[in-house]
Each structure stands twice: as structure tokens, then as C-alpha cells.
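Here is what each chain is made of, one letter per residue.
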Amino acid sequence: MKILAVGDLIGSSGLKELKKQLINIKQKEEIDFTIVNAENVAEGMGITKQNFDDILDLNMDVITMGNHTWGKKDIFKFIDHPKLIRPANYPKGVVGKGYNIFTCQNKKIAVINLIGRVDINVLSENPFIIVEEIVEKIQKDVDMIFVDFHAEATAEKIAMGYFLDGKVTALYGTHTHVQTADEKILPKGTGYITDIGMTGPKYSVIGMDIEASLKRFKTTLPERYKIATGECILNAVVFDVDESNNKVKSIKRLYR
């Protein structure tokens, strides 16, 4: 079985690029199940009802979020949709769900969304403790567990990888918008990559307009970010899972 995880959609241009490439990728890579991070799809911050509907029209199986989950108030209209996952370590009682279980080819696939705490301006619970509780709760009821860890610090992501090694099928990072070249199968069998990258403007500063970004760095003055324009890229990874033991056989990075 092959699972496709698509890197952070950046604005409407990122969504258009996904629409443009998805069918060919699914056919060429023989994809069975798809996950996409969409916390930046509403022009860099959050997700609107229209964005959500457009993604659903592409038949994506799961939509994950991150630190901009609440960037657009529209989300409260569809927060309970079964395909939408927000970080599981938001405080107890927050609307939405941090994981869900899906069925694909007679396999039960759990997808968990987490948010990091290092250099992330979000008051969240400890992701290590929360994910451990979730995995212990569901591990006997599912065949595979995939984790989208939306975090800034590479060390935090790497630590989480080893923490969950052998307990989940795969863990991949999102948020930094830069695809890392460290895909590997960890010692106890969990597939891992620090960040799967982004889907959006190629010539940009992590998806944002170059001049606006440079002004912020040069002057230290506030400058509103705006999405860059022009040619786009799609970043993703394909996890090839052995259905006989539900372990990752290989990880393939896509940079298109």
C-alpha cells in the first residue's frame, strides 16, 4: 500500500498546483491513500470553507492542520468533518479532533496531527505525552498509524521520531516548508522524515514574497507577509507500506 503525504499548501497557488499534479502522481506512484497539510491554504493563514470544499473535491482522504488552525473563523463551520484533523495536543475541550481512523483496502489507518512547542507561539500540551496516550488507546484497533508533526525545531521532530519508533507506521514533519533529505526507516521500523516541504511558489521565502521578507530581515520593522507569485512546486513523500506486516518498506521524496 502506498500513502502520499503532501507538504503544506501555500495559498490558492499551492492548491492549484495540487490540483494540477495530483492525478498524475496518484497514477504514476500507484497511491492508495492521501494526506495533505492545509493550515496555510487561505493565503498563508488558516483555511476557508471554499478551500476545504476544493480539497475535498480532489478526493483527499485526510486534511491536517497546525499553528494556523484558527486563522480563519470559517473553520468552525466544518471543524467536525471526519476528514479534518487539528493538532491533538491543543488544550482539552478545544473543538475538533486530533486524530481519526480511516479504512482503505481493508486496512484501518489512524492519522494523528501534533504541534510542536519549541519556537512555536502556541500554548499547547506536551505532544510527547499526548501522542503516547493516543497510541496506547488505538494501537490494538488499527493496522497503521501516521503522524503529521507540525513543528519548527528539527531536534524536536527527530526526538519524536525516536520516541515513536516501533509504535507508529510513520512520522513526518511539516511547518518549515523546506523538504529535508533525511528520509529513513528508524531502527525499530518507523518511517521518518524531518519535513516534507511545501506546495506553493518556488521562488519565495518559504512561500512568501521575497521583497516583503527581505524588508523584515533588513529593517526588523513589521511588514505584512504576502504570498509570492509565479512558478510553483509540489513537495510530498510516498510511504510504501508492506501490507503483510504494516511496516514501511521505503520512502520516496517528491519535488516537482
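Residues numbered from 1 in each chain as written. Predicted model: local features only at pLDDT ≥ 70, side-chain atom pairs only at ≥ 80, totals over all residues. Heavy atoms only, no water.

A. Broad picture of the sheet that holds strand β3 (residues 33-37). One open sheet accounts for 6 strands, arranged β5-β4-β3-β1-β14-β15; its pairing is mixed. Each having just a single partner strand, β5 (84-85) and β15 (247-255) make up the two edges of the open sheet. Bridging between strand β1 (residues 2-6) and β3 involves 4 bridges; their strand directions are parallel. Following the sheet pairing, V6 is matched in β3 by V36. (Pairing = 2+ DSSP bridges. Helix = DSSP H or I, 4+ residues; strand = E, 2+ residues; numbered from the N terminus.)

B. A look at unusual backbone geometry. Its identity as a non-glycine residue notwithstanding, H177 has a phi of 70°, on the positive side. Here H177 shows up in the loop between β9 (170-174) and β10 (184-185). A relative accessible area of 9% means that H177 is categorised as buried. Backbone geometry at I206 places phi at a positive 45°, although glycine is not the residue there. With respect to the helices, strands and loops of the structure, I206 is situated in the loop between β12 (198-201) and α5 (210-219). (Buried < 20%, exposed > 50% of the residue type's maximum accessible area, 1.4 Å probe, protein only.)

C. Representation of the pairing of strand β8 (residues 144-150) in the model. Counting buried residues along β8, 7 of its 7 residues qualify, which places the element largely inside the surrounding structure. Burial of β8 is two-sided: the residues M144, F146, D148 and H150 facing one way and the residues I145, V147 and F149 facing the other way are all buried. For strand β7 (residues 107-115) and β8, the ladder comprises 7 bridges, and the chain directions are parallel. Among the inter-strand pairings, V111 is bridged to a residue of β8, identified as F146. Each parallel crossover has a hand, and for β7 linked through helix α3 (residues 127-138) to β8 it is right-handed. Crossover handedness for the path β8 to helix α4 (residues 154-164) to β9: right-handed. (Right-handed = clockwise from strand over helix to strand, strands pointing away.)

D. Seen up close, the sheet that holds β12. Spatial strand order, β2-β12-β13: 3 strands in an open sheet with mixed pairing. The open sheet has two edge strands, β2 (8-9) and β13 (232-233), and neither has a second partner. Taken together, the 2 bridges between β2 and β12 define a ladder with parallel strand orientation. What sits directly across from L9, in β12, is T199.

E. Expanded view of a nonpolar patch on the surface. A contiguous nonpolar surface patch, about 280 Å² in accessible area, is contributed by Y203, I210 and L214. With respect to the helices and strands, the residue Y203 is situated in the loop between β12 and α5. (Patch = residues over 30% accessible without salt bridge, like charges linked within 9 Å, V, L, I, M, F, W, Y side chains within 5 Å. Areas by Shrake-Rupley, 256 points an atom, 1.4 Å probe, with all protein chains shown as cover. Salt bridge = Lys/Arg side-chain N within 4 Å of Asp/Glu carboxyl O.)

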